[in-house]
Amino acid sequence: MSVACGLECVFCVGFSRWAWKRCTHVGSDDSATWTSATPEEFEPIPRISRVILAVYEPDLRNPKISPSLGTFDLNPDWVIKRVTHEKTLGRSPPYIIYIDHNHREIVLAIRGLNLAKESDYKILLDNKLGQKMLGGGFVHRGLLKSAAWVLNQESETLRRVWEENGKEYDLVFAGHSLGSGVAALMAVLVVNNPAMIGGIPRSKIRCFALAPARCMSLNLAVKYADVIFSVILQDDFLPRTATPLEDIFKSVFCLPCLLFLVCLRDTFIPEGRKLRDPRRLYAPGRIYHIVERKFCRCGRFPPEVRTAIPVDGRFEHIVLSSNATSDHAILWIEREAEKALQILREKSSETVATMPPKEKRMERLNTLEKEHKDALERAVSLNIPHAVSTAEEEEECDNGEASAESKTKKKNWDEVVEKLFHRSDSGEFVFNDDVVPER
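Residue numbers run consecutively from 1 along every chain, following the written order of its sequence. Given that this is a predicted model, residues contribute local features only at a pLDDT of at least 70 and side-chain atom pairs are listed and counted only at 80 or more, while totals for whole chains, interfaces and linings are drawn from all residues. Think of the side-chain values as coming from all heavy atoms in the structure, minus any hydrogens and water.

The protein is annotated in an unreviewed UniProt entry as Alpha/Beta hydrolase fold of Arabidopsis suecica.

Here it is in structure tokens:
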């Protein structure tokens, strides 16, 4: 009897401690030790957010959505292509191709999940753990299919526009929610096959994933942190929703019903076990976390931006917050990102300049490069499956550039398509059946 009472007491104390830790865990805890972002590196994010918002607008000359600036700072004449749901045939979310001559960028922006479109759910639900590999890691199968389809449609357009502008413009993939996963995997495909866009170098490829979906394994998320930049607003549920992503379908409609079970499951899975599972998917790349609320404090505070390339503790726990879904909205992300940028600029102007702006930017670029190398080495030291060291990563980049120079762009893209697709009897591209590799 006394033994049973003792076990009951231990259980009650343990559960109370777990419940207290879960209920007091706030979104800002995930990035408490990160460094602050600089205005120079964060500057593109509010602007790219407005390009993604433009995908939701059928007529940019008469917009219905009001961004933080009061109006869109986009030139409608620079939108060279708009693809709607009807034109994608359910293979991808709608997207636009926009040439920003002011910032010398070619932007392919993809909208997020449309709750009224069954095809978007099919993309999201088309995945099982360990079903698809790409570049030495696991990725979300449905998002990869969508990314490959968009590139198959638009690679020639992107190549032509890039070459027409003297091969000087950056190629930017951007997306929100569902579109963020598609954009991130498009960036990975182009980085590994630069000849499909006329031999574009890695340094000119960037991806901005807003409210990102978990779409790639940890080794890939760290490996491409110099190309892919994820933006998370405080308590957003999507980057924290544990794999498999099939659960998101349920979360959209019954998030309160799943929060407790998800928290319970993730809390009692050891961190080491999560890291050693090569099939587990994560938010991609370098992460920018916008923090604007504090524990036991009401209202929103002036937002601050923290950044890092986390390896362990990479947004692993759902936050029990009434803002978990509202923080996922593209409008809120754009508005808070713009506020944060203005605050960063004000703080930067107040500090005493100790070095010329050009040297300051170079110092920050060196810091970002060092952080990426440190993250790669950290992944290797933690025995992350398929993780590569800094030397191996540099060797892969050199081999990729040499390969891009030695092959014609048409031959290279045909090889990529052949690996991912086969032609049906009607002549359409059909995604190849997956062969699950041995673990």
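> How should the overall build of the protein be read in this particular structure?
By definition, any uninterrupted DSSP run of H or I lasting at least four residues is a helix, any uninterrupted run of E lasting at least two residues is a strand, and each is numbered from the N terminus. Counting its secondary structure elements, the protein contains 14 helices and 15 strands. Burial classification: accessible surface area is computed with a 1.4 Å probe over protein chains only, and a residue below 20% of its type maximum counts as buried, one above 50% as exposed, and the rest as partly exposed. Scored against the burial criterion, the 439 residues of the protein give a buried share of 54%. Note on contacts: a residue pair qualifies if any of its non-hydrogen atoms lie within 4.5 Å across the two residues. Here the analysis covers contacts within the protein between residues at least 6 apart in sequence; of these, 73% occur between residues at least 24 apart.

> Help me understand the sheet that holds strand E8 (residues 205–210), please; the structure alone is not making it clear to me.
Adjacent strands of a sheet form backbone hydrogen bonds with each other and so pair up, either parallel or antiparallel. Strand pairing is assigned whenever DSSP detects at least two bridges linking the two strands. Across the sheet, which stays open at both edges, the nine strands sit in the order E1-E13-E12-E10-E8-E7-E4-E3-E2 with mixed pairing between neighbours. Among the strands making up the open sheet, the edge pair consists of strand E1 (35–36) and strand E2 (79–83). Direction of pairing for strand E3 (residues 95–100) relative to strand E4 (residues 105–110): antiparallel, over a ladder of six bridges. Residue pairing across strands places Tyr-98 opposite Val-107, the latter belonging to E4. Helix axes are fitted to C-alpha atoms over the stretch in contact, other axes to C-alpha atoms as well, and angles between N-to-C directions run from 0 to 180 degrees. Sheet strands touched by helix H11 (residues 330–350): strand E7 (170–176), E8, strand E10 (228–233), strand E12 (286–291) and strand E13 (304–308). Its angle to E10, the strand with the most contacts, is close to 100°.

> Sorry if this is basic, but what is going on with the packing of aromatic side chains here?
The geometry of an aromatic ring pair comes down to the distance between the two centres and the angle between the two planes. Only centres within 6.5 Å qualify two rings of Phe, Tyr or Trp (six-membered ring in Trp) as a pair; their planes then separate them into stacked at under 30 degrees, edge-to-face at over 60, and tilted for everything else. Applying the stated criterion to the full structure yields five aromatic pairs. Here the aromatic rings of Phe-42 and Tyr-288 are separated by 6.1 Å at their centres, their planes lie at 55°, and the arrangement is tilted. In this pair, Phe-42 is assigned in helix H2 (residues 39–42) and Tyr-288 in strand E12, connecting sequence segments 246 residues apart. Both residues of the pair, Phe-42 and Tyr-288, belong to the buried class. Consider the rings of Trp-78 and Tyr-98, whose centres lie 6.4 Å apart with planes at 45°: the pair is tilted. Of the two residues, Trp-78 is situated in the loop between helix H3 (44–55) and E2 and Tyr-98 in strand E3; the sequence distance between them amounts to 20 residues. Taking the relative accessible area as the measure of exposure, Tyr-98 reaches 2% and is therefore buried. Grouping aromatic residues by their ring pairs yields a cluster made of Phe-42, Phe-208, Phe-229 and Tyr-288.

> Is there a simple way to explain the side chain of Thr-38 in this structure?
Its location among the elements puts Thr-38 in the loop between E1 and H2. Here a polar contact is taken to be a pair of N or O atoms separated by no more than 3.5 Å, where protein atoms must pair a possible hydrogen donor with a possible acceptor and residues adjacent in sequence count only if both atoms sit in side chains. For Thr-38, the side chain forms a polar contact with the side chain of Glu-41, separated by 3.0 Å. Every residue in contact with Thr-38, bar those within four places of it in the chain, is listed here: Leu-344 and Arg-364.

> What is the right way to read H3 from this model?
Since one α-helical turn is 3.6 residues long, residues separated by three or four positions face the same way. Taking 1.5 Å of rise per residue, the 12 residues of H3 would be expected to cover 16 Å, and the 17 Å separating its terminal C-alpha atoms lies within 8% of that figure. Across the 12 residues of H3, 12 count as buried, placing the element largely inside the fold. Every buried residue of H3 is accounted for by Pro-44, Ile-45, Pro-46, Arg-47, Ile-48, Ser-49, Arg-50, Val-51, Ile-52, Leu-53, Ala-54 and Val-55. Take the residue count of a helix, subtract one, and multiply by 1.5 Å to get its expected span.

> What should I look at first to understand empty space enclosed by the protein in this one?
Picture a little ball the size of a water molecule; that probe, rolled over the atoms, points out where space is still empty. Cavities and pockets were defined on a 1 Å grid built from protein atoms only: a cavity is a group of points that admits a 1.4 Å probe but offers it no way out, a pocket is an open group of points flanked by protein on both sides within 12 Å along at least five of seven lines, and a lining residue is one with an atom within 4 Å of any such point. Grid points are joined across faces, edges and corners, and a volume is the space filled by probe spheres set on the points. Enumeration according to the criterion identifies three cavities of 30 Å³ or more in this entry. Around the largest cavity, the lining is made up of 11 residues, and of these Ser-217, Leu-218, Asn-219, Asp-277 and Pro-278 lie nearest the centre. Its residues assigned to classes, the lining of the largest cavity comprises six nonpolar, three polar and two charged. Throughout this entry, Asp, Glu, Lys and Arg are counted as charged residues, while Ala, Val, Leu, Ile, Met, Phe, Trp, Tyr, Cys and Pro are counted as nonpolar. The remaining residues, Gly among them, count as polar.

> For this particular structure, what's the right way to read the nonpolar core?
A general tendency of soluble globular proteins is for nonpolar side chains to be buried together. Here, nonpolar core refers to any group of buried Ala, Val, Leu, Ile, Met, Phe, Trp, Tyr and Cys residues whose side-chain atoms link them within 4.5 Å. Leu-108, Phe-173, Met-186, Val-190, Met-216 and Ile-228 are the most contacted members of the largest nonpolar core, which has 49 residues in total. Going through the elements one at a time, E3, E4, helix H5 (118–125), helix H6 (141–164), E7, helix H7 (178–192), E8 and helix H8 (218–223) are the ones with two or more residues in this core. Counting residues per element, this core draws most heavily on H7, which supplies 11 residues. When neighbours within four sequence positions are excluded, Phe-173 is seen to be in contact with Leu-108, Leu-151, Leu-158, Ala-183, Met-186, Ala-187, Val-190, Ile-205, Arg-206, Cys-207 and Phe-208. Residues Ile-52, Ile-96, Val-172 and Leu-344 belong to the second largest nonpolar core, which totals 34 residues.

> I tried to follow the pattern of salt bridges on my own but got confused; where do I start?
Between side chains of opposite charge, pairing is possible as soon as their charged atoms come close. Every case where a carboxyl oxygen of Asp or Glu lies within 4 Å of a side-chain nitrogen of Lys or Arg is listed as a salt bridge. For the structure shown, the criterion picks out 28 salt bridges. Its salt-bridge partner being Lys-204, residue Asp-170 comes within 3.8 Å of it at the nearest N-O pair. With Asp-170 in strand E7 and Lys-204 in the loop between H7 and E8, this pair connects stretches of sequence that are 34 residues apart. Here Asp-170 and Lys-204 have matching classes, each one buried. Put simply, Glu-43, Arg-47, Asp-100, Glu-105, Asp-170, Lys-204 and Arg-206 are held in one network by salt bridges that share partners.

> Would you mind showing me how to read the packing of H6 against H7 here?
Packed helices, taken two at a time, are described by their axes: the angle between them and the distance between them. At a closest axis distance of 8 Å, the pairing of H6 and H7 adopts a crossing angle of 65°. The handedness of the crossing between H6 and H7 is right-handed. On H7, the residues that touch Leu-143, Leu-144, Ser-146, Ala-147, Ala-148, Val-150 and Leu-151 of H6 are Leu-178, Gly-181, Val-182, Leu-185, Met-186, Leu-189 and Val-190. Split into classes, the residues belonging to the contact of H6 with H7 amount to 12 nonpolar, two polar and no charged. Working rule for handedness: look at the near helix, and if it is turned counterclockwise from the far one by less than a right angle, call the crossing left-handed; if clockwise, right-handed.

> It is not clear to me how the pairing of E10 should be interpreted in this structure. Could you clarify?
Where a strand is regular, its side chains alternate between the two sheet faces. Judged by how many residues are buried, E10 sits mostly within the fold: six of six residues are covered. Alternating residues of E10 divide into Ile-228, Ser-230 and Ile-232 and Phe-229, Val-231 and Leu-233, and every residue in both groups is buried. In this sheet, E10 lies alongside E8 in parallel orientation, the contact comprising four bridges. By the bridge assignment, Phe-208 is partnered in E10 with Phe-229.

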